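Spelled out from the first residue to the last, the chains are:
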Amino acid sequence: MAIIRTENVTKGFGGLIAVNRVSVDIHPEQLTSIIGPNGAGKSTFFNIITGFFKPDEGRIFFRDEDITGLPIHQIVRKGISRSFQILNIFEESTVWDNVWVAVQGSLGYGKELLGRVEKLAGVEEETSRIIAEMGLEYEGGSQVKYLSYGEKRLLEIALALTTRPKILLLDEPMSGLPADERRRISAYIKQIAQAVTVVVVEHDMDVVMAISDRILVMYEGRILASGTPAEVRQDVRVQEAYLGAMP
Amino acid sequence: MIKSQSTAKQRAFPGLFRSIHPLAVMVIIFAAFPAIPLIGRFLSLGTEVVIWSLFALGFNILLGYTGLTSFGHGAYFGIGAYGAAIAFLRLSHSLWLCLLIGTLVGGLFAALVGLIVANKRGIYFSLLTIAFSQMFFFIAFRWDEFTGGETGLTGIDRQTLKLVNLAVNLRNPIAYYYFVLAVFALCAVIIWRIVHSPFGRVLRAIKENELRAKYLGYNTEAYKWAAFTISGLFAALGGSLYTFLINSAYAFGLEWVQSGNVVMMTLLGGGTVSFFGPVVGAAIFITCRDLLSAYFEHWLLFYGLLFVIVILYVPTGILGAAAKLRKKHKG
Ligand SMILES: Nc1ncnc2c1ncn2[C@@H]1O[C@H](COP(=O)(O)OP(=O)(O)OP(=O)(O)O)[C@@H](O)[C@H]1O
Ligand SMILES: [Mg+2]
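Given the structure is predicted, the values throughout are model-derived calculations rather than measurements.

**Q** Is there a simple way to explain the state of the cysteines in this structure?
**A** Here, the word disulfide means a covalent bond between the sulfur atoms of two cysteines. All told, the structure shown has zero disulfides over all chains when counted by the stated rule. With no disulfide of its own, B:Cys98 has B:Cys187 as its nearest cysteine by sulfur position, at a separation of 17 Å.

**Q** Can you walk me through a nonpolar patch on the surface in this structure?
**A** All names here are of chain B. Together, Leu108, Leu112, Leu115, Ile116 and Trp225 give the surface a local cluster of nonpolar side chains, amounting to about 490 Å² of exposed area. A total of four residues in the nonpolar patch trace back to one element, the largest contributor, which is helix H4 (residues 95-117). On the secondary structure map, Leu115 appears in helix H4. The exposed category is assigned to Leu115, whose relative accessible area is 60%.

**Q** Explain the coordination of the magnesium ion (ligand 2) to me, please; I cannot follow it from the model alone.
**A** Four donors placed tetrahedrally about a metal ideally form angles of 109.5 degrees, and six donors placed octahedrally ideally form angles of 90 or 180 degrees. Residue and element names in this part refer to chain A. The coordination sphere of the magnesium ion (ligand 2) contains the protein donors Ser43 (OG) and Gln85 (OE1), at a distance range of 1.9 to 2.1 Å. Here the residue Ser43 occupies a position in helix H1 (residues 42-49), and Gln85 occupies one in the loop between strand S7 (80-82) and helix H3 (95-106), the gap between them amounting to 42 residues. Since its relative accessible area comes to 21%, Ser43 is described here as partly exposed. According to the relative accessible area criterion, Gln85 is partly exposed, its value standing at 34%.

**Q** Which parts of the structure should I look at to understand the site of ligand 1?
**A** All names here are of chain A. If you check the shell around ligand 1, you find 15 residues, and the closest are Asn38, Lys42, Ser43, Thr44 and Gln85. Contacts to ligand 1 include His203, whose side-chain N or O atom sits 2.9 Å from an oxygen atom. About the coverage of ligand 1: the protein hides 63% of its 630 Å² of free accessible area. Elements represented by at least two residues in the shell around ligand 1 include exactly strand S2 (16-22) and H1. A total of three residues in the shell around ligand 1 trace back to one element, the largest contributor, which is H1. Residue composition of the shell around ligand 1, grouped by class: six nonpolar, seven polar and two charged.

**Q** Where do I start with the sheet that holds strand S10 (residues 214-219) of chain A in this structure?
**A** Note on sheets: strands pair through backbone hydrogen bonds, and any given pair is parallel or antiparallel. Residue and element names in this part refer to chain A. If you trace the six strands from one edge of the open sheet to the other, you get S7-S8-S9-S4-S10-S11, paired in mixed fashion. Each edge of the sheet is formed by a strand with only one pairing partner; in this case those strands are S7 and strand S11 (222-227). Along the sheet, successive strands turn relative to each other by an average axial angle of 20°, direction set aside. Relative to strand S8 (residues 167-171), helix H5 (residues 149-162) is tilted by about 155°, and along the sheet it contacts S7 and S8.

**Q** What should I look at first to understand the interface of chain B and chain A in this one?
**A** Frequently, the measure chosen for interface size is the accessible area that the parts lose on association. Listed as interface residues are 29 residues of chain B and, on the opposing side, 43 residues of chain A. Of the roughly 3200 Å² buried at the junction of chain B and chain A (both faces included), carbon and sulfur atoms supply 61%. Among the residues chain B hides against chain A, the three largest losses belong to B:Arg212, B:Tyr215 and B:Leu216. Together they make up 24% of the total. Taken together, the connections running from chain B to chain A amount to two salt bridges. Between A:Asp97 and B:Arg201 there is a salt bridge whose closest N-O contact spans 3.9 Å. Seen at the junction of chain B and chain A, the total is 19 residue pairs in polar contact (both at pLDDT 80 or more).

**Q** Which parts of the structure should I look at to understand the nonpolar core?
**A** Nonpolar side chains in soluble globular proteins tend to be buried together. Ranked by internal contacts, the top residues of the largest apolar core, which has 135 residues, are B:Phe179 and B:Leu241. Residue contributions to this core peak at 15 residues, all from helix H2 (residues 43-65) of chain B. A:Ile3, A:Val19, A:Ile49 and A:Phe62 belong to the second-largest nonpolar core, a separate cluster that totals 24 residues.

**Q** Looking at this structure, I do not really get the side chain of A:Lys152. What am I missing?
**A** Residues and elements named next belong to chain A. Tracing the chain through its elements places Lys152 in helix H5. The buried category is assigned to Lys152, whose relative accessible area is 13%. With residues near it in sequence (within four places) discarded, Lys152 still touches Leu87, Ile89, Glu91, Val144, Lys145 and Leu147.

**Q** What is the right way to look at the pattern of salt bridges in this model?
**A** Pairing between side chains becomes possible if they bear opposite charge and their charged atoms approach one another. All told, the structure shown has 21 salt bridges over all chains when counted by the stated rule. Here A:Asp204 makes a salt bridge to A:Arg182, at a shortest N to O gap of 2.6 Å. Note that A:Asp204 is positioned in the loop between strand S9 (197-201) and helix H7 (205-211) and A:Arg182 in helix H6 (residues 179-192), a separation of 22 residues in sequence. B:Glu48 is paired through a salt bridge with B:Arg289; the nearest N and O atoms lie 3.0 Å apart. Note that B:Glu48 is positioned in helix H2 and B:Arg289 in helix H11 (residues 277-295), a separation of 241 residues in sequence. Among the charged side chains, a network of salt bridges with common partners joins A:Glu126, A:Arg129, A:Glu133 and A:Arg164.

**Q** How should I be thinking about the side chain of A:Lys42 in this particular structure?
**A** Residue and element names in this part refer to chain A. Take Lys42: it is sitting in helix H1. Among buried charged residues, Lys42 stands out as having no salt bridge; its nearest opposite-charge side chain is Glu172, 4.8 Å away. Discounting chain neighbours no more than four positions away, the residues touching Lys42 are Ile34, Ile35, Gly36, Pro37, Glu172, Val201, His203 and Met218.

Conventions used here
- Residues numbered from 1 in each chain as written.
- Chains lettered and ligands numbered in written order.
- Predicted model: local features only at pLDDT ≥ 70, side-chain atom pairs only at ≥ 80, totals over all residues.
- Heavy atoms only, no water.
- Disulfide = S-S within 2.5 Å.
- Patch = residues over 30% accessible without salt bridge, like charges linked within 9 Å, V, L, I, M, F, W, Y side chains within 5 Å.
- Areas by Shrake-Rupley, 256 points an atom, 1.4 Å probe, with all protein chains shown as cover.
- Salt bridge = Lys/Arg side-chain N within 4 Å of Asp/Glu carboxyl O.
- Helix = DSSP H or I, 4+ residues; strand = E, 2+ residues; numbered from the N terminus.
- Buried < 20%, exposed > 50% of the residue type's maximum accessible area, 1.4 Å probe, protein only.
- Donors = N, O, S within 2.8 Å, 3.2 Å for Na, K, Ca; no water.
- Near = heavy atom within 4 Å.
- Polar contact = N/O pair within 3.5 Å; in protein donor to acceptor, adjacent residues only side chain to side chain.
- Nonpolar A, V, L, I, M, F, W, Y, C, P; charged D, E, K, R; others polar.
- Pairing = 2+ DSSP bridges.
- Axes fitted to C-alpha atoms, helices over the stretch in contact; angles between N-to-C directions.
- Contact = heavy atoms within 4.5 Å.
- Buried area = accessible area lost by both parts, 1.4 Å probe.
- Core = buried A, V, L, I, M, F, W, Y, C linked by side-chain atoms within 4.5 Å.
- Lys, Arg positive; Asp, Glu negative; His and termini not counted.

Structural data, given as structure tokens:
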């Protein structure tokens, strides 16, 4: 059974059709990458799946349950989580507070109008654990804005993971990072993929070829091709439309 | 690991008071007010400051902690005022009951408006809050038989309050001052608890990055609605107390000027950076208003100027500026 299935999902902006009748299955046991040139519709596709946009047409299923049009928080609660192409964290807070509020939500707290934060069972332990896992123990009390860009990216992925997703969608998690930080993140993604279904949008072909079980190629809002890294590499249409376009 | 500073108690006052909870310090200062030379004589001024402090503290749950700028909360103050007045004139002379009814009626209106505005963003949110408050003002102004229209409702009177076997004559302005202060102190504790609770954490997350809060699984619209309604309840309680201060209720209580004033107080004092900002703002604002309007016919000009100066030069308000100065001083 596919963990995510889309049927003829379509989304236009004015005259432009950003995502055009896309029907795909995401298999739970595979690490899937979505590639394609700028403007192909990859981010828009993520935005539709996660409820940021309602599709103009088509339906989205999560484990055979129709989730089309559900509000974001409900989609998240079902087990779909994401990171954004443009970093999306609590920039003005400390690392500790970022993770805390995420963990608090995932443990079902937040409605305690007069409760005491210190008394929430398990939140503190879980927060410490996640921060330690990221290797940011010594940065817990510092403002997020003092972290390196790679650490911020890492933090965003960690935040997305606190909701205990079944599937995690990562939109260009390595863009703008130097090589060593890319390696750190791609290793982290491989590790996450052991437990959670991961879908990555990424431009770095070396990374994509290395980590993916399956690749979807998007072009002008459509799925042009799909297959294993080797298959996609061989595909003539892909070479023409995408790889060929690169110098 | 260094943990968040935000669970630590906020220390608004340095030195002498360090070991006392800042809320207690605030209440002690207010309690001493009638004994202060010169201004201590103006008890109704003091009572008004406490009422507006209550209104502004509650309002700051929405403005300072959730990051939503309502320009219409004067309406809930005014509706609360009317609710208490109408309850007194038509239902019961019990102060408790009238305060309760005023608070609930104002809160109910806030809850209903909140349903419509909670999912709106930025300027649309603010404009809608103004639109609703203007609508309520218009209704209050025109609905003669219920609200007294232009002349308002008069003939309200503070009854003697029975506390166990103690009878407190609230007609005495000092007694009413301390009654209002007691209600305020209780509410301040509640508001403190709210903003420092798990719920309060979510509000701050929404203020900082609503989209991320949503993607952490929080139903942010429900939280925003709750913040709107809660601040409306405190506004309405403030309005109800005000009715018994002036022993009457008028439509001007709902006017947009009231809404603007509470925004002004909250920002002036530093509500975006400190829990106590709104109280400092209310105290300074109400006192200045009384002083200025006594000596200058065009005091509103000063008021406008003050607003401009605050927005331009001290966006974090008085307490924000004070904190910055202290930091500089320390190194
Ligand atoms: N909110 C929006 N409003 C209008 N147009 C949009 C919006 N979001 C995306 N688009 C347009 O839709 C098309 C697809 O954009 P999308 O961001 O999905 O591409 P992408 O494949 O993620 O590209 P990139 O690799 O540059 O991130 C683009 O032409 C883009 O300009
Ligand atoms: Mg994109």
